Amino acid sequence: MKAVNLIFLLLSITVSSFSQIILKKGADREYTSFIREYLNVRVICGYGMMFLATVLTVLAYSGMEYKNAPVIESLGYAIVLVLSFFFLGEPITRRKVLGTVIILCGILVFYI
Amino acid sequence: MKDSRTELQTEKAEKLKKAEKRITWKNVLFLQLIVIVFTFSGVAAKFASGHPFFSSGFILFFGIQIAILGVYAILWQQIIKRFDLSVAYANRAMAILWSMLWAAVFFRENISVQNVIGVLIVLVGTIVINTERKAEHYETDSGFGKSVKK
């Protein structure tokens, strides 16, 4: 994997982690109709960011094996855990930390 | 348009209501199905990357990728209402299992014993997160990004 692929991938992870926060904020609101659950600023922004992340991912994939992608993307689990504490008030429990560490270990074992 | 204060209160009430619920296996199953849909977008992305940028093949597979992500997006918005984001997102780690299968099926990439062990460990981690009891969660208002201060 070339350095440029890694940079695209890291950028993509950061953007998509933030998009999750915005999407969750959008999902927790009440709307008058099903279509409004999607046609609102938060959800549109969130998926716009995800689209951007997707473009970055495609650029990154061109230099690596497909099965390696989830490894680097897994950094996102830790990032989302931290961001959801700060922006959504979701507690970081022992179980969440333990589970995330186990997941990251598994992914590492898969990769090495 | 509701005024923002009422909206914040309903938001908080919703959260408290949700906090009383435990994570049900039905929701986890629904979540895992969405993860499978999501992994197919990765397959399309890899197919796209095999074609020169903006060639017809690239555009086709990139289009398919976007279509899959569209379906995934609609489903994802529905499921994250029922979970903490940190829990729902961690479940996406199971994508490693599906990606491994698709890597073998579509791209004939090799799967090692170590790959399988890694996937099993990820499975354990996902189960640990999913067996979280939610009841005690929202009693303390942790996190300072919250705008519920009056």
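Residues numbered from 1 in each chain as written. Chains lettered and ligands numbered in written order. Predicted model: local features only at pLDDT ≥ 70, side-chain atom pairs only at ≥ 80, totals over all residues.

Engineer: I'm lost on the overall build of chain B in this one. Help?
Structural biologist: In terms of regular secondary structure, chain B is built from 6 helices and 0 strands. Written out in order from the N terminus, the α and β elements of chain B read α-α-α-α-α-α. Burial analysis of chain B (150 residues in total) assigns 37% to the buried set. In chain B, the share of contacts with a sequence separation of at least 24, taken over all contacts with a separation of at least 6, comes to 75%. (Helix = DSSP H or I, 4+ residues; strand = E, 2+ residues; numbered from the N terminus. Buried ≥ 20, exposed ≤ 12 C-beta atoms within 10 Å, placed from the backbone. Contact = placed C-beta atoms within 7 Å.)

Engineer: Quick question: what am I supposed to make of the overall build of chain A here?
Structural biologist: Along its length, chain A carries 5 helices and 0 strands. For chain A, the α and β elements follow one another from N to C terminus as α-α-α-α-α. Projecting the C-alpha coordinates of chain A onto the three principal axes gives extents of approximately 50 × 35 × 20 Å. Each of the 112 residues in chain A was classed as buried or not, and the buried ones make up 44%. Restricting the contact set of chain A to residue pairs at least 6 apart, pairs at least 24 apart contribute 75%.

Engineer: Please clarify how the packing of helix α1 (residues 3-27) of chain A against helix α4 (residues 75-88) of chain A should be interpreted in this entry.
Structural biologist: Residue and element names in this part refer to chain A. Between α1 and α4, whose axes approach to 9 Å, the crossing angle comes to 40°. Judged by the inter-axis angle, α1 sits oblique to α4. Taken as a pair, α1 and α4 cross one another with a handedness that is right-handed. Between α1 and α4, the residues in contact are I13, S16, S17, F18, Q20, I21 and K24 and L75, G76, I79, V80, L83, S84, F87 and L88, respectively. (Axes fitted to C-alpha atoms, helices over the stretch in contact; angles between N-to-C directions. Parallel < 35°, antiparallel > 145°, perpendicular 65-115°, else oblique. Left-handed = near helix turned anticlockwise from the far one by under 90°.)

Engineer: In this structure, what is going on with the interface of chain A and chain B? I would like to understand it.
Structural biologist: Note on interface size: it is often stated as the accessible area lost on association of the parts. Facing the 46 residues of chain A at the interface are 49 residues of chain B. Sorting the residues of the side of chain A that touches chain B by element identifies α1, α2 (41-61), α3 (69-73), α4 and α5 (94-111) of chain A as the ones contributing at least two each. For the side of chain A that touches chain B, the per-class residue count stands at 25 nonpolar, 11 polar and 10 charged. (Nonpolar A, V, L, I, M, F, W, Y, C, P; charged D, E, K, R; others polar.)

Engineer: Looking at this structure, I do not really get helix α3 (residues 56-79) of chain B. What am I missing?
Structural biologist: Since the α-helix advances by 3.6 residues per turn, residues separated by three or four positions end up pointing in the same direction. Here α3(B) contains 24 residues, and its C-alpha end-to-end distance of 35 Å stays within 8% of the 34 Å for a straight helix at 1.5 Å per residue. Taken as a whole, α3(B) has its buried residues at F61(B), F62(B), Q65(B), L69(B), A73(B) and W76(B). Packed against the buried residues of α3(B) are α2 of chain A together with α2 (25-49) of chain B. (Expected span 1.5 Å × (residues − 1).)

Engineer: When you look at helix α6 (residues 113-130) of chain B in this model, what are you seeing that I'm missing?
Structural biologist: Taking 1.5 Å per residue, 18 residues should reach 26 Å; α6(B) reaches 26 Å between its end C-alpha atoms and fits that length. Listing the buried residues of α6(B) in full gives N115(B), G118(B), V119(B), I121(B), V122(B), G125(B), T126(B), V128(B), I129(B) and N130(B). Close packing links the buried residues of α6(B) with α5 of chain A together with α2, α4 (85-91) and α5 (95-107) of chain B.

Engineer: Is there a simple way to explain the packing of α2(B) against α5(B) in this structure?
Structural biologist: Helix-helix packing: each pair is described by the crossing angle between the helix axes and the interaxial distance. Residue and element names in this part refer to chain B. Following both chains from N to C, one finds α2 and α5 inclined at 40°, their axes separated by 9 Å at the closest point. Relative to α5, the element α2 lies oblique. α5 is crossed by α2, and the crossing has right-handed handedness. In contact with V35, I36, F38, T39, G42, V43 and K46 of α2, α5 contributes A95, W98, S99, W102, F106 and F107.

Engineer: What exactly am I supposed to notice about unusual backbone geometry here?
Structural biologist: Outside of glycine, negative phi angles account for most residues, and trans bonds account for most peptide bonds. Located in the positive-phi region is F54(B), a residue other than glycine, with phi close to 65°. Tracing the backbone shows F54(B) in the loop between α2 and α3.

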